[in-house]
Amino acid sequence: MKPILPPYVLPSVPHYTLAEAREAALALLNEPVTPEGGWEEVPGATNYEGVASCHSRVYCVNDNYDELFCSKATSHEVNCSLEQVLGIFWDIGEELKVWNTASLKNAVVLEQNGTNTEQLVYQERKVHASISLGGDVVFRRAYEAFENDYLLSWGASTESPLKPVQRNMRRCYLLVSGFYVKATSPTTCVISSCASYYETGNVPAIAVSEECKRVALRICRIVKRIQDIVRISGLAPPTAAKFTPAHNVSVPQASQPASQPASQPVNQSAPARAPSGGSKKCLQCNIVTNGNFCGNCGGKCVAVPTGCPGCGGPDNGGRFCSNCGSKLR
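Starting afresh in each chain, residues are numbered from 1 along the sequence in its written order. In keeping with the predicted nature of the model, local features appear solely for residues at pLDDT of at least 70, side-chain atom pairs appear and are counted solely at 80 or more, and the whole-chain, interface and lining totals rest on all residues. Hydrogens are left out, water is left out, and the side-chain values use all remaining heavy atoms of the structure.

**Q** Explain the packing of helix H2 (residues 82–89) against helix H3 (residues 92–99) to me, please; I cannot follow it from the model alone.
**A** Describing two packed helices takes the angle between their axes plus the distance from one axis to the other. For the pair H2 and H3, interaxial distance at closest approach is 6 Å and the crossing angle is 90°. It follows that H2 is roughly perpendicular to H3 by the angle criterion. Packed against H2, whose contacting residues are Gly87, Ile88 and Phe89, the element H3 presents Glu94, Glu95 and Val98 at the interface. Here the contact of H2 with H3 is built from residues that sort into three nonpolar, one polar and two charged. Note on geometry: axes are lines fitted to C-alpha atoms, helical ones only across the stretch in contact, with angles between N-to-C directions running from 0 to 180 degrees. Secondary structure counts use DSSP, requiring at least four H or I residues in a row for a helix and at least two E residues in a row for a strand, with both numbered from the N terminus. Every angle not falling under 35 degrees, over 145, or within 65 to 115 is termed oblique; those three ranges are roughly parallel, roughly antiparallel and roughly perpendicular. Whether two residues are in contact is decided by their heavy atoms, any of which lying within 4.5 Å being enough. Three residue categories are used. Nonpolar comprises Ala, Val, Leu, Ile, Met, Phe, Trp, Tyr, Cys and Pro, charged comprises Asp, Glu, Lys and Arg, and polar comprises the others, including Gly.

**Q** Which parts of the structure should I look at to understand the sheet that holds strand S1 (residues 40–41)?
**A** For sheets, the rule is that strands pair by backbone hydrogen bonds, running either parallel or antiparallel. When DSSP locates at least two bridges between a pair of strands, those strands are taken to pair. Pairing in this open sheet of nine strands is antiparallel, and the strands run S1-S2-S3-S9-S8-S7-S6-S5-S4 from one edge to the other. Looking at strand neighbours, the two that pair on one side only are S1 and strand S4 (104–112), the edges of this open sheet. Of the pairings in the sheet, the one linking S1 to strand S2 (residues 51–61) comprises two bridges and is antiparallel in character. Each residue of the ladder has a partner; that of Glu41, found in S2, is His55.

**Q** Quick question: what am I supposed to make of the side chain of Ser192 here?
**A** Tracing the backbone shows Ser192 in strand S9 (residues 188–198). We call two N or O atoms a polar contact when they sit within 3.5 Å, provided that within protein one can donate a hydrogen and the other can accept it, with sequence-adjacent residues counted only if both atoms are side-chain atoms. Separated by 3.3 Å, the side chains of Ser192 and Thr74 make a polar contact.

**Q** Can you help me understand the confidence of the model for the protein in this one?
**A** When pLDDT is low, close inspection of the predicted coordinates is not appropriate. Note on scores: pLDDT gives the predictor's confidence for each residue, bounded by 0 and 100. Summing up the model confidence of the protein, the mean pLDDT is 77 and the portion of residues at 70 or higher is 65%. Element-level pLDDT for the protein is lowest in strand S12 (residues 301–303), with a mean of 64, against a maximum mean of 96 in S1.

**Q** It is not clear to me how the nonpolar core should be interpreted in this structure. Could you clarify?
**A** Soluble globular proteins tend to pack their nonpolar side chains together in the buried interior. Here, nonpolar core refers to any group of buried Ala, Val, Leu, Ile, Met, Phe, Trp, Tyr and Cys residues whose side-chain atoms link them within 4.5 Å. Only protein chains enter the accessibility calculation, which uses a 1.4 Å probe. A residue is then buried if its area is under 20% of the maximum for its type, exposed if over 50%, and partly exposed in between. The biggest cluster of nonpolar side chains holds 31 residues, and the ones touching the most others in it are Val85, Leu151, Phe179, Ile191 and Ile222. Listing elements by their share of this core, those giving two or more residues are S2, H2, strand S6 (135–146), strand S8 (173–185), S9 and helix H4 (205–233). Looking at which element gives the most residues to this core, the answer is H4, with nine residues. Within the second largest apolar cluster, 22 residues are counted, among which are Tyr16, Leu68, Tyr150 and Trp154.

**Q** Got a minute to help me understand the packing of aromatic side chains in this structure?
**A** Centre-to-centre distance and the angle between the planes together describe a pair of aromatic rings. Each Phe, Tyr or Trp ring, with Trp reduced to its six-membered ring, pairs with another whose centre is within 6.5 Å; inter-plane angles below 30 degrees give stacked pairs, above 60 give edge-to-face pairs, and intermediate values give tilted ones. Using the criterion set out here, one finds six aromatic pairs in the structure. Between the aromatic rings of Phe89 and Phe179, the centroid separation amounts to 4.2 Å while the plane-to-plane angle is 5°, which identifies the pairing as stacked. One end of the pair, Phe89, is in helix H2; the other, Phe179, is in strand S8, with 90 residues separating them in the sequence. The same class applies to Phe89 as to Phe179, namely buried. Arranged with centres 6.3 Å apart and planes meeting at 35°, the rings of Tyr173 and Tyr198 form a pair that is tilted. Of this pair, Tyr173 sits in strand S8 while Tyr198 sits in strand S9, placing them 25 residues apart in sequence. In this structure Tyr198 comes out as buried when scored by relative accessible area, which is 17%. Counted as over-ring charges are cases with an Arg CZ or a Lys NZ within 6 Å of the ring centre that also lie within 35 degrees of the ring normal. Its end group placed over the ring of Trp39, Lys72 keeps NZ or CZ at 5.2 Å from the ring centre.

Written out as structure tokens, the structure is:
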């Protein structure tokens with residue numbers, strides 16, 4: 001007889017596309033944490049530094065009606081900028097350092113899109129009974145970000161010919177994951193994370209419990225990694241060269257000189273006449289002035305040798321240039 005499932009439990013293991021994973025991740029992140037919704041506090045997870053809460057519930061059942069869990073955690077306000085979190089979270093090399101190879105043996109990006117906002121990732125976990133039974137996982141992940149506002153990332157397992165199931169290796173599955181960072185100021189933010197991970201085979205209860213803690217542990221370790229980098233180098237992790245947020249504010253372009261007013265055309269053939277004491281010349285329209293910027297076109301003016309504004313000849317000390325007759329004074 002099939003068991004009667006609560007309404008919040010999926011009756012089968014989902015296989016999300018990347019677009020579907022975004023909606024599933026948002027649903028989990030926004031879902032109220034209530035006993036009626038099946039959520040229970042994960043014991044010991046709030047002992048991790050910076051973690052405010054961590055809860056889990058049954059997410060779905062497999063063909064044998066084994067329960068598969070999901071969990072989600074939220075941080076206190078932490079002293080990290082949104083850009084710093086992105087710099088650590090999205091760099092696969094930093095991911096290995098975040099976990100300090102305690103449970104993650106290997107991680108590599110198999111492919112990525114042109115803007116590096118979507119990746120196909122392969123991870124291999126170490127065999128460790130209290131954290132993981134070992135195995136590997138292939139999943140796609142993506143992110144979107146608004147500068148000084150938020151970062152949202154989501155992911156789910158996918159089949160890929162780039163990494164078929166290896167001999168003597170158990171293929172595990174990331175059903176869905178979500179990672180949300182809300183900036184509360186230019187230097188502080190609140191981080192939320194959720195995930196449902198499916199390890200095939202007989203999974204001991206301790207492995208399930210430890211897996212549910214990983215969303216909280218990941219938040220703690222990302223923050224610690226950022227703080228370590230800042231403490232050692234005194235600088236924030238660089239992000240500009242590596243990451244281009246999908247919906248970020250455009251990079252400001254160099255300001256262009258203002259267009260010349262139609263009512264004041266510049267006669268390029270006429271010699272430029274300098275105001276009294278003028279010692280700078282516009283690079284755009286060649287007018288000599290004593291200001292830093294041209295009053296005609298707005299272009300930058302540079303210093304020129306003192307002399308005749310008409311021919312550039314030396315100043316002979318008289319009222320007119322001895323070479324071209326231009327008025328000097």
